[in-house]
Structure formats: structure tokens, C-alpha cells
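A structural walkthrough
Below are the chains, spelled out letter by letter.
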Amino acid sequence: MNINFKNILIALIEKEFKSYIRSINNLMNMIVFMIAIIILFPLTMGPSEEKLTLVSNAIVWIALIISIIPTLDKIYIGDFKNGWLEQYYFSPLLLEIIILIKCFVFWFFLIIPLSIFIPIFSILLNIPFLIIFWNIIIFAIGSLGFCLIGSICSSLTLGTKSNNLISPLLILPLAIPIFIFGNGVVEAVKSNYDPLPNLYLLITVCLILLVISPLISAYSIKIALTR
Amino acid sequence: MKTGLQNNMILKDISLTRGLKIIFSSLNIEFLCPGLNIIKGENGSGKTSLLMMISTLLQEDRGTIIRFGKLKKNNWLNEHILIKQNSSLSDELTIEENLKIWCGLKGWNFNTDKIQKNLEHFGILKYKNSLVSECSSGIKKKAELCKLNFEESFKLKCWLLDEPLNHLDQNGILFLEKIMGKFINMNGTILQTSHEKKINHKNFKLIKL
């Protein structure tokens, strides 16, 4: 039988795209949560501009990360419950490739829209323009790594009842290299050093995740399905 | 017509446990290929587990399953359809979108006309644009069974149907029996679990668990 791989790719992207469009409230939740954190921080710290300049960059990052984590463990759970993961498993395309595409679509439709808010919040928190620019680049690269880590954790916790509890515990330690190198870039820019070495290290971490994440996720999804 | 192991489905000395419960121990079955195999048994006797095991969704503890002359796993995945008791349609998509994306995922060539004709055969064309979450279980079941009525589905080796008659109305049952007959005439093998007493097909093998 002739198998048309182009059809598989189109179907996969169409399915993910339509699912995200129809559950737009996920994205809205993330945005509202992020706005709440960014508004509450200056209010609770008091009106000192010096203090705010010191921590403003950290506030943006914490807001982004905390708003992303709750959605990360939901990458597969919907498809697992309504049986679509089985259809992916039965598809002629390798499960690893399907997972990679799923991660990219998740990143593109749910995470990239969030980065639009970085400049807006950064202006509110009085962050210099140069750092806003670097923040956007780091977030675009780092968040892909974040999605790939999320994919591993989401697939590992499939079928468990308390995955809300386990996922953040699994995600945060794995994401530490992304935090360190991401922050390294910003610190280098602030103190007029070359930010590129840290950026390259960040890209390296993401590339390693790009290779290992689909393999681990596919393996744990197969275990969850065939249990 | 092919003969010998190439066209056989045999379970040899299979044992399966789920958790602490032993579902099968030393199970030996030779299925009628091509033909209709009806698997009967009480609730909890392992009918669904048997189908899941044959479709590789459950791993047997011991024994061998010969799937049409030891087909490689990837080839076997493309050579059968499993229709489970619960619908496996995405709630966020419409019925037509679900079928379209399902065909796409299988790598089949399809067009909207084909899908609409298929829905019309089952009498659910008017629900094509309804979200699955808004449909009744009968309509969901019919939409699920539409997967069997594509040109490519008849070219497969095997259909695994878990209680396909549940939630179906009389017209649905008649149409399903018609396409099952057509598939068997095209040398297909059907493994069907069922609680129904009356079976309308002439040639079938009854397997009791």
C-alpha cells in the first residue's frame, strides 16, 4: 500500500493547530498568570527604583517560567485520554518524529506568542533596550529546550494520578543548565563582556535535548500505551 | 489465494497478567483466516485484553503470536485497524476533521468527497460539522466505524473490533454487517468481541474465553 508521508505531516500539524486554537483559554491563562506576577512584584517590593532595576530581569524570567510549567505536563495527557496517542503509535511515521513535530508545534503556538509580551513587560519594569533584545533571543532558544524537557516529563508521568505534583519536580532540575547559561548571557551584556560563549552553550544544551528528548519520550509513551 | 503460515493468525501457549491478575495461562487459538472470528466470554474474561495483545498494545508474558507469517512489528501496525469500545476521537475536532486527520495519519490519500460519502453511508452526514464532544455515543460509534469503510481499509489484513455493535441502531448494524461481509470476501480477517446471541454471518468461528 502506498503511504503518503506528506499527508501524515499535514494531518499532524493540522490536528495540533486546531486543538490549540480551540483551547485558546490555555494561552490566555498563561498570559493572565504572567501579568499577575509582574504586577504583584513591584507592588510588594515598594516604590524603590533601585531595587526594581536590580531584580527586574529575574522577575520577567520567573513570570515566564512559572506560567509555562503548568502547561508543560499537558502536552500528551489530552491525546492519551482520548486515544490519539494510540493512533500516533499505529501511524507509519516513527513515533520519535511525531513527538518532535508535536514539540515544535507546541513551542510555536503556545510559547512563542508569550515572547511577544517580553518587550511590553520589560518596558514596564524599566529594563534597558539592549537587554530586552537579548532576553527575546534567549527566551526563543531556551523555551524550545524547556518544551523538550516538558515532553520528557509529560510522557514519563502519563497514566499516573498525581502528575501535577511530579512534573515541576522533574522539570526544574533538568532546566537548570538553561537558566544558568541564559542568565549568563544577560550578565555578560550588563557588564560589557562577550555574551556569545554563554549563548553557544545554551544552544548546545538545546541541541542535546533535541536529540535525546524524542527518544526518551517515545520510549516512555510506548510503555504507557502498552502497560 | 495465499496458503500456509503466510495467511494464518495463531496464538501459541500465551499467558498474560495485568497487575496481580492472571488473565490467560497457556492459551492456544488458531483463528479462521480469512473469515470472521467471534470472541465470546463473560465480563472480565479478557476479550478486550486479547484484542489489545494481538494489536501489540499489551505485551504477552510468555508464548508466541504468529501474525500472518511473523510480520515485522511496523508492518503489522500498518496492516490492521483496532476499533476500541470507547471512542478514540478528539473532542476538540469535528467528526469530519477527525476522520480526515485519521486518514492523513495513516498516510492514505483521501479527499473530502470520500469522507462525506462515507458519513452518508452510516447516515451521519448531517453531523459532519458537529464537535465530537457534542455528539451522542451512537454517533461517535458510527463515526468511529466509518474508519472501516475507506477503500484502503479493505486492503488491510485484519480488523480488530471490540464490541462494535454497542450503541448502534438497526441501520448501523445492517451496514456494519454489509461492510464486514465485503471485507471477508476480499480475504480479510475479522476478530470481533461480542455479547450478541444472534450472528447474521454464515461462516464464522466462535471462540470462547
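Scroll up for the structure.
Residues numbered from 1 in each chain as written. Chains lettered and ligands numbered in written order. Predicted model: local features only at pLDDT ≥ 70, side-chain atom pairs only at ≥ 80, totals over all residues. Heavy atoms only, no water.

Moving on: the interface of chain A and chain B. Between chain A and chain B, the contact holds 26 residues from the first and 37 residues from the second. With both sides pooled, the region where chain A packs onto chain B buries about 2700 Å², and carbon together with sulfur makes up 55% of that total. Our enumeration of links across chain A and chain B arrives at 4 salt bridges. Residue Glu97(B) is joined to Lys18(A) by a salt bridge in which the shortest nitrogen-to-oxygen separation is 3.3 Å. Across the side of chain A that touches chain B, the residue classes tally to 11 nonpolar, 9 polar and 6 charged. (Contact = heavy atoms within 4.5 Å. Buried area = accessible area lost by both parts, 1.4 Å probe. Salt bridge = Lys/Arg side-chain N within 4 Å of Asp/Glu carboxyl O. Nonpolar A, V, L, I, M, F, W, Y, C, P; charged D, E, K, R; others polar.)

Before going further, it helps to examine a nonpolar patch on the surface. Side chains of Ile208(A), Val211(A), Ile212(A), Leu215(A) and Ile216(A) sit close together on the surface and give an oily, nonpolar patch of about 420 Å² of accessible area. Mapping Ile212(A) onto the fold places it in helix H10 (residues 196-225). (Patch = residues over 30% accessible without salt bridge, like charges linked within 9 Å, V, L, I, M, F, W, Y side chains within 5 Å. Areas by Shrake-Rupley, 256 points an atom, 1.4 Å probe, with all protein chains shown as cover. Helix = DSSP H or I, 4+ residues; strand = E, 2+ residues; numbered from the N terminus.)

Okay, helix H3 (residues 95-106) of chain B next. Residue and element names in this part refer to chain B. For H3, with 12 residues, the first-to-last C-alpha span of 17 Å sits near the 16 Å given by 1.5 Å per residue. Buried residues dominate H3, accounting for 11 of its 12 residues. Here H3 has its buried residues at Ile95, Glu96, Glu97, Asn98, Leu99, Ile101, Trp102, Cys103, Gly104, Leu105 and Lys106. Just past H3, the residue Gly107 takes up positive phi, approximately 80°. (Expected span 1.5 Å × (residues − 1). Buried < 20%, exposed > 50% of the residue type's maximum accessible area, 1.4 Å probe, protein only.)

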